[in-house]
Amino acid sequence: MSIRLWIDDREVLAEPGERILEVAQRQGISIPTLCHHPALPVLGACRVCLVEVQQGKRREITTACNTLVQEGMRVATDTAEVRGHRAMNLELLRARAPEAPAVRELATQLGVARSRFRPPAQNPLPNCILCELCVRACAHLGHHALAAVGRGDKKRIGLPHNRPAEACVGCGSCLSVCPTRCILLKETATTRTIWGQTFELVRCKSCGAPVMTEAQRAHAIRTKQLPEDHDDTCELCKQSAASQRLASVVW
Amino acid sequence: MSAQAVIDPAELDEVLARHPQGQPAGLVNLLHDLQAAFRYLPEQALERAAEHLGLSSAEVYGVATFYEGFHLKPRGEHICTVCMGTACHVRGAARLLEQAERDLAVRAGQTTPDLRFTLEQVNCVGACALGPLVILDGKYHGSMAPDRLSRLLGKLSDKKGSK
Amino acid sequence: MARIANAAALAAYRKQQRALRPAERKAIAVCAGTGCKAFGGLEVFEAFRAALDAHGLAKTWDLRATGCHGFCERGPLVLFFPEGRLYQRVKPEDVEEIVTRTLLGGEVLERLLYQDPVTGARHEKEHDIPFYRHQRRLVLAQNGQIDPTSLDDYLVLGGYGGLVKALGMDPAAVVAEVKRAGLRGRGGAGFPTGVKWEICRAAQADQRYVICNADEGDPGAFMDRSVIEGNPHLVLEGMLIGAYAIGASQGHVYIRQEYPLAVERLELALAQARALGLLGQDILGSGFSFDVHVSRGGGAFVCGEESAMIASLEGRRGVPRRRPPYPAAQGLHGKPTNINNVETWATVPIILEKGADWFAAIGTAGSKGTKIFSLVGKVNNTGLVEVPMGITLREIVEVIGGGIPGGKAFKAVQTGGPSGGCLPAEKLDVAVDFDSLVREGAMMGSGGMIVMDEDTCMVDVARYFLGFLKFESCGNCTSCRDGLEQLHALVTDIAEGRATSGTLDLLEELAETIRATSLCALGTTAVNPVQSTLRYFRHEYEAHIRDGRCPAKVCKALIHFSINDKCTGCTLCAKNCPQKCITGERKALHVIDQARCIKCGICRDVCKFAAVDVQ
Amino acid sequence: MGCRTCELACSFVHSRAGALGRPRIRIHAQGRGLEAGVIKDRYLQLTCLQCAEAACAKVCPTQALVRDETTRAIVLVAERCIGCGLCEAACPFGHMHFDRQIRLPLKCDLCGGSPACARFCPHHALEIRP
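So, how was this worked out
Residues numbered from 1 in each chain as written. Chains lettered and ligands numbered in written order. Predicted model: local features only at pLDDT ≥ 70, side-chain atom pairs only at ≥ 80, totals over all residues. Heavy atoms only, no water. Contact = heavy atoms within 4.5 Å. Buried area = accessible area lost by both parts, 1.4 Å probe. Salt bridge = Lys/Arg side-chain N within 4 Å of Asp/Glu carboxyl O. Polar contact = N/O pair within 3.5 Å; in protein donor to acceptor, adjacent residues only side chain to side chain. Helix = DSSP H or I, 4+ residues; strand = E, 2+ residues; numbered from the N terminus. Nonpolar A, V, L, I, M, F, W, Y, C, P; charged D, E, K, R; others polar. Buried < 20%, exposed > 50% of the residue type's maximum accessible area, 1.4 Å probe, protein only. Domains from an automatic or database assignment. Disulfide = S-S within 2.5 Å. Axes fitted to C-alpha atoms, helices over the stretch in contact; angles between N-to-C directions. Parallel < 35°, antiparallel > 145°, perpendicular 65-115°, else oblique. Left-handed = near helix turned anticlockwise from the far one by under 90°. Phe/Tyr/Trp six-rings, centres within 6.5 Å; stacked < 30°, edge-to-face > 60°. Pairing = 2+ DSSP bridges.

A. Inspection of the interface of chain D and chain A at higher detail. Across the boundary between the two partners, chain D contributes 34 residues, which contact 38 residues of chain A. Across the interface of chain D and chain A, roughly 3,000 Å² is buried in total on both sides, 57% from carbon and sulfur atoms. The largest per-residue losses of area from chain D upon contact with chain A belong to Ile 82, Ala 89 and Arg 103 of chain D, which jointly make up 21% of the total buried on that side. Where Arg 100 of chain D meets Glu 187 of chain A, a salt bridge forms, and the shortest distance between an N and an O atom there is 3.5 Å. Taken together, the connections running from chain D to chain A amount to 19 residue pairs in polar contact (both at pLDDT 80 or more). Secondary-structure elements contributing two or more residues to the side of chain D that touches chain A are β1 (25-35), β2 (38-47), α3 (86-90) and β5 (97-99) of chain D. Grouping the constituent residues of the side of chain D that touches chain A by class yields 17 nonpolar, 9 polar and 8 charged.

B. Main features of the environment of Asp 8 of chain A. All names here are of chain A. As for its position among the elements, Asp 8 is in the loop between β1 (3-7) and β2 (10-14). With a relative accessible area of 35%, Asp 8 lands in the partly exposed category. Put simply, Asp 8 and Glu 132 are 124 residues apart on the chain and 30 Å apart in space, counted from C-alpha to C-alpha. Setting aside anything within four residues of it in sequence, one finds Asp 8 in contact with Ile 29, Val 75, Ala 76, Thr 77 and Asp 78. For Asp 8, the side chain forms a polar contact with the side chain of Thr 77, separated by 2.6 Å.

C. Structural detail: the domain arrangement of chain D. Residues and elements named next belong to chain D. Its domain assignment divides chain D into domain 1 (1-47 + 113-130) and domain 2 (49-107). Interface area, domain 1 with domain 2, both sides summed: about 690 Å², of which 65% is carbon and sulfur. Linking domain 1 with domain 2 are 0 salt bridges, by the criterion used here. There are 3 residue pairs in polar contact (both at pLDDT 80 or more) connecting domain 1 and domain 2.

D. Focus on the state of the cysteines. Residues and elements named next belong to chain D. Scanning all chains against the criterion turns up 0 disulfides over all chains. Of all cysteine sulfurs in the structure, the one in Cys 51 sits closest to Cys 91, which takes part in no disulfide; the separation is 6.3 Å. For Cys 91, a relative accessible area of 10% translates into the label buried.

E. Structural detail: the packing of helix α18 (residues 458-472) of chain C against helix α22 (residues 528-546) of chain C. Residue and element names in this part refer to chain C. Two elements in contact, α18 and α22, have axes separated by 8 Å at closest approach and are oriented at 135°. Relative to α22, the element α18 lies oblique. Handedness of the α18/α22 crossing: left-handed. Contact residues: Met 458, Val 459, Ala 462, Phe 465 and Leu 466 in α18; Pro 529, Val 530, Thr 533, Phe 537, Glu 540, Tyr 541 and His 544 in α22. Classifying every residue of the contact of α18 with α22 by side-chain character gives 9 nonpolar, 2 polar and 1 charged.

F. Focus on the domain arrangement of chain B. With domains assigned, chain B is organised as domain 1 (9-66) and domain 2 (78-158). Computed over C-alpha atoms, the centres of domain 1 of chain B and domain 2 of chain B are 29 Å apart.

G. How the structure looks around the packing of aromatic side chains. Residues and elements named next belong to chain C. Here the structure, examined in full by the defined rule, presents 14 aromatic pairs over all chains. Look at Phe 301 and Phe 468: their rings are 5.0 Å apart centre to centre, the planes differ by 75°, and that puts the pair in the edge-to-face class. Here Phe 301, found in the loop between β9 (291-296) and α13 (306-313), pairs with Phe 468, found in helix α18; they are 167 residues apart in sequence, far enough to count as distant. We note that Phe 301, like Phe 468, is buried. An aromatic cluster is built from Phe 71, Tyr 114, Phe 131 and Tyr 132, whose rings are joined through pairwise contacts.

H. Here's a closer look at the sheet that holds strand β2 (residues 61-66) of chain C. Residue and element names in this part refer to chain C. A sheet is described by the order of its strands in space; here 4 strands give the open sequence β2-β1-β3-β4, paired in mixed fashion. Taken across any chain shown, the strands that pair with only one partner, and hence form the sheet edges, are β2 and β4 (85-87). In this sheet, neighbouring strand axes are inclined to one another by 20° on average, regardless of whether the strands run parallel or antiparallel. As paired elements, strand β3 (residues 78-81) and β4 share 3 bridges and run antiparallel to each other. Looking across to β4, one finds that Phe 80 is bridged to Arg 85.

Structural data, given as structure tokens:
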């Protein structure tokens, strides 16, 4: 049975178990967010996707990403109060991640030209906003190499025991999902270095171009039952090989 | 705190054996038992705990560092805990902590290089009527004053020194 | 002890135990609560045991080490039954005299009686002492009487009578009874307990859980600890009744790791109850089965929050999650779960035993029954007090607490722990109930009540709580983690004289965002100490900012120590100065080198002539 | 003919959408052959086959590669992608390219039903057939 609610005075139908953010996005109503990823579990960390929710007599400012839709709910995504609180949280994040383009752009959009706050005392990974998207992606892939460490103002993202993690395969998904792109990844023709660990890259068996890390390949073969010869060739050489096969059939 | 203390593998096995395998819900209680056995949580113990409960090292490490009650570094032979609860605070707990920091030449949360003393603070132990309170090796000392604390700490260091 | 098969067998067993210990039997109860123990309570207990043996009195007098009597300030406490005489500040060396003169001679030892600091009157009986006279002890009633390690002691006083009654009722009727009693959760938020049970009971499930929240994290509160240490079976009985009403077959007690004695007492009580068949399968032949498991917390204040506690019980980081779904629908391991605080559980057997109407007659219209407070800080009679709801703050602080020590002026009372607020003198006549306190910007919380006098700086208090909370935040929400850190930095600026006129505006703006946009109650209430001190003590903030002055002379950056002409040149201060920055000839005026002084205040403490001033 | 207009068109269309202008269609020279007695260069165009049992979609851990019901193309839902690069390894024909700058895979999406490569082919050598 569908749930009926109103978002910015627009009547909307949603399914039980859905959350405000996804329903709004489906309607083309944009709500800013930094820590949300549709494929990963919700956390509600950045506190940017704030909306005003009225449910019966209860009215509150809350995050759209983790609030379940309810019958008769009225959601306002763009009130002065909502904008003010979004801006304050962005100002806090701007002090923590002054060089992150995504934070800077969003802050500017919300009228936060600069942060009145000092950078936090504990900030071992510069520009990290502690949203745990990297941890969530890493766990989702089954690696569990990254951890949220400590708590409170000392919370950080790191590796168990502060040393390179055996579980890391160097796939770089953590960087892919990072909203501030604060994770360092360095690549040479033969190696990739990430989280303090240098991985050997598989080289294309025909042209020698780098493909993926050896560890990632081993993991993919093990968990995804990929044929062993699928990933030791770069995609261009795979194409050439395919075209040659095709040519021999056609002509 | 450079040397990683050697832990007895038989004792580690014994603690693990008391906890059912593959049940992640038992993690916090298991960490308590490991800490009771080794006085802190050595890396090796955390790794084995992860294996035992079917968790990743990252999950166990994340949990162990989240809770204030777990210590990942070796602790001193004597533990001086200054209660920083509200009742103790309004009766001058901060001064006790400063005094202990001066006397032991370490900051709160640290252990002296000779592993003799660890200075800790706790956010209330529920003995508020006794504030300000210091716990020395498990014994509660109420209505504490900086000079009295100095004397108590001094006595403890002498005791070992004369042995 | 054999397993008890049904209610009739329990009644028979109880009768048999009572016959062994008639009410008129003479007993000595030595308080072995944490406070008295720290003052040497156990040594006193041992001295009594030896003395009774020596005098051949071990058979005539029952000697018990009991839980906390509440009046920690005057410990170690010794109570004599049946007359209810109280000796306070008893030392082991007093014991021999007590045995010969009081026990054998029937004489009252004046010097061991409590003396009213104001009137000078001495009180012989516990219930005559103002500290006790104005209390209404329901939950704590048995704390001074029973040996917490003895299930028989509990049974003799009628223990598990509430359970027997409940098992004879329909579970829905038990819920209705608790609802009718108007019991509200003692853990902080004050949600109606019966309603909470009803919701959990209504959730469709093959398994339900009840949890006892014994993660007493509020600094300055220790009632839960004392109840568990002093009367563990009362809590257990409450959980049994609740589990029966809700339809839960498994219970957890989530208890602070800082409370080892409470854990031990609880484990013992569970073992005793299991042996007697009060836990386990088919309890008292009712068909109801239930057992309880004790889980120790890891040391995280945020785990007092329900969803964080569940995360911790599931072996994860204690990070709260968004509700709904509420634990009553999806709690521990995804099953409907009812969480109540220790004091709430401990009140349940009393309601069943005495009836909802009897209970609802105590307290106010919106807040029924009694509440335990830990009265601590700058007050004469520190300890645990249990009072009917609706009593005024003034009665608690001035009458029960006996006012402020050292002739100092009252400044504020802080209720509700870090989520609460500071109320000033003009609010002392506010009634202590859930709604009135919230209206004034404070809250009941779990019952910490910290009295502050003129020497307490409210900016320093706000900074203290912020320091606590930024450390205890789970670190998930930007607003709570970074917001509290920045708020702490702003208040620190004020305390250290770096603030500007804009600081207060930014402080208030930021506080409002933290309150409005954090996920759990830790964040949304974290700014209460700041907002309430700003509301009632704004002038103190302004004095720091505008005049660079700390009126209470606490904030180090704004004070300095100097030596006046009362100095006799005794050199005591110079000897004790950790910086060695006090100089002066013997018998001549000493001087503090301001550049090197760290303002530790030790010179002022040690000076016997009040020659050290602070400005 | 080997003019590679299709590659250009593909790059152009997709670069407007924000992704880098790497073509999803490639022309591969296959040496020389005899055609009606004349020596001619031979070319083959290759692009994603939109496989029925698509390996890329199968390995994707977040279901970010899904079949578009109208065009029958396997398309990337970029919001669901976590940039693990497994799809690139899984495709046996080399039609998945993981872009290391934007950390997203690039693949042929049939331009929503009207592929630019076919539209712009000056020789009408490419066409879409159901």
